[in-house]
Amino acid sequence: MRLDKYLKVTRLIKRRTIANEACDAGRVLVNGKIARASFTVKENDIIEINLGQKQLRVKVLKVSEHSTKETAGENYIVVD
């Protein structure tokens, strides 16, 4: 699954266009490297998101095409 879509489906970023813009600006890292919106997300990837004061680091547990608000958190775990 594309990185921008994964960020939207898991609700880490609310809209796909914002996720796409964050990737283009170099604010999203996957496994320590700047990732484009078209990057393919796989299980066990570490995603770092830097949006202003908010910095978030998560590990991908599973990749699913659809998720509800209740099940979105099951796709990743927050890593410090």
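Cut-offs used in this document
Residues numbered from 1 in each chain as written. Predicted model: local features only at pLDDT ≥ 70, side-chain atom pairs only at ≥ 80, totals over all residues. Heavy atoms only, no water. Helix = DSSP H or I, 4+ residues; strand = E, 2+ residues; numbered from the N terminus. Rg over C-alpha atoms; globule rule 2.2 N^0.38 Å. Contact = heavy atoms within 4.5 Å. Areas by Shrake-Rupley, 256 points an atom, 1.4 Å probe, with all protein chains shown as cover. Pairing = 2+ DSSP bridges. Polar contact = N/O pair within 3.5 Å; in protein donor to acceptor, adjacent residues only side chain to side chain. 1 Å grid on protein atoms, 1.4 Å probe; cavity = no way out; pocket = protein on both sides within 12 Å on 5 of 7 lines; lining within 4 Å. Points joined across faces, edges and corners; volume = space filled by probe spheres on them. Nonpolar A, V, L, I, M, F, W, Y, C, P; charged D, E, K, R; others polar. Core = buried A, V, L, I, M, F, W, Y, C linked by side-chain atoms within 4.5 Å. Buried < 20%, exposed > 50% of the residue type's maximum accessible area, 1.4 Å probe, protein only.

Q: Any chance you could explain the overall build of the chain here in plain terms?
A: Of the regular secondary structure elements, the chain holds two helices and five strands. In sequence order, the secondary structure elements of the chain are arranged as α-α-β-β-β-β-β. In terms of overall size, the chain behaves like a compact globule, its C-alpha atoms giving a radius of gyration of 11 Å where 80 residues would be expected to give roughly 12 Å. Overall, the chain is about 30 × 25 × 25 Å in size when its C-alpha atoms are taken along their principal axes. A separation threshold of at least 6 residues defines the contact pool for the chain, and within that pool the share at least 24 residues apart is 36%. About 5,200 Å² of surface is accessible on the chain, with carbon and sulfur atoms providing 47% of the total.

Q: Help me understand the sheet that holds strand β2 (residues 33-34), please; the structure alone is not making it clear to me.
A: Within a sheet, adjacent strands bond to each other through the backbone by hydrogen bonds, running parallel or antiparallel. In spatial order, the strands read β2-β1-β3-β4-β5; together these five strands make up an open sheet with antiparallel pairing. A single partner strand is all that each edge strand has here, and the edge strands are β2 and β5 (76-78). By the bridge criterion, two bridges tie strand β1 (residues 28-30) to β2 in an arrangement that is antiparallel. Bridging across to β2, Val30 finds its partner in Lys33.

Q: What am I meant to see in the side chain of Thr10 here?
A: Considering the arrangement of structural elements, one finds Thr10 in the loop between α1 (3-9) and α2 (16-24). A polar contact is formed between the side chain of Thr10 and the backbone oxygen of Leu7, at a distance of 3.5 Å. Dropping the residues within four chain positions of it, Thr10 is found in contact with Ala72, Asn75 and Tyr76.

Q: Just to check I follow, could you spell out the side chain of Asn75 for this structure?
A: Locating Asn75 in the fold gives a position in the loop between β4 (54-60) and β5. At a separation of 3.4 Å, a polar atom in the side chain of Asn75 contacts the side chain of Ser64.

Q: Would you mind showing me how to read empty space enclosed by the protein here?
A: Think of a ball as big as a water molecule: rolled over the atoms, this probe shows where empty space is left. Under the defined criterion, the tally for this structure stands at one cavity of 30 Å³ or more. If you add up the space inside the largest cavity, you get close to 30 Å³. Leu12, Ile13, Ile49, Leu51, Lys54 and Leu56 are the residues that line the largest cavity. Elements supplying a minimum of two residues to the lining of the largest cavity: β3 (46-51) and β4. Here the residues of the lining of the largest cavity are counted per class, giving five nonpolar, no polar and one charged.

Q: It is not clear to me how the nonpolar core should be interpreted in this structure. Could you clarify?
A: Side chains of a nonpolar character, in soluble globular proteins, are inclined to be buried together. Leu3, Tyr6, Leu7, Val28 and Ile47 are the most contacted members of the largest nonpolar core, which has 19 residues in total. Elements that contribute at least two residues to this core include exactly α1, α2, β1, β3 and β4. Setting aside chain neighbours within four positions, we find Ile47 in contact with Leu3, Tyr6, Leu7, Val28, Leu29, Val30, Val41, Leu56, Arg57, Val58 and Val60.

Read these as geometric descriptors, not functional statements.
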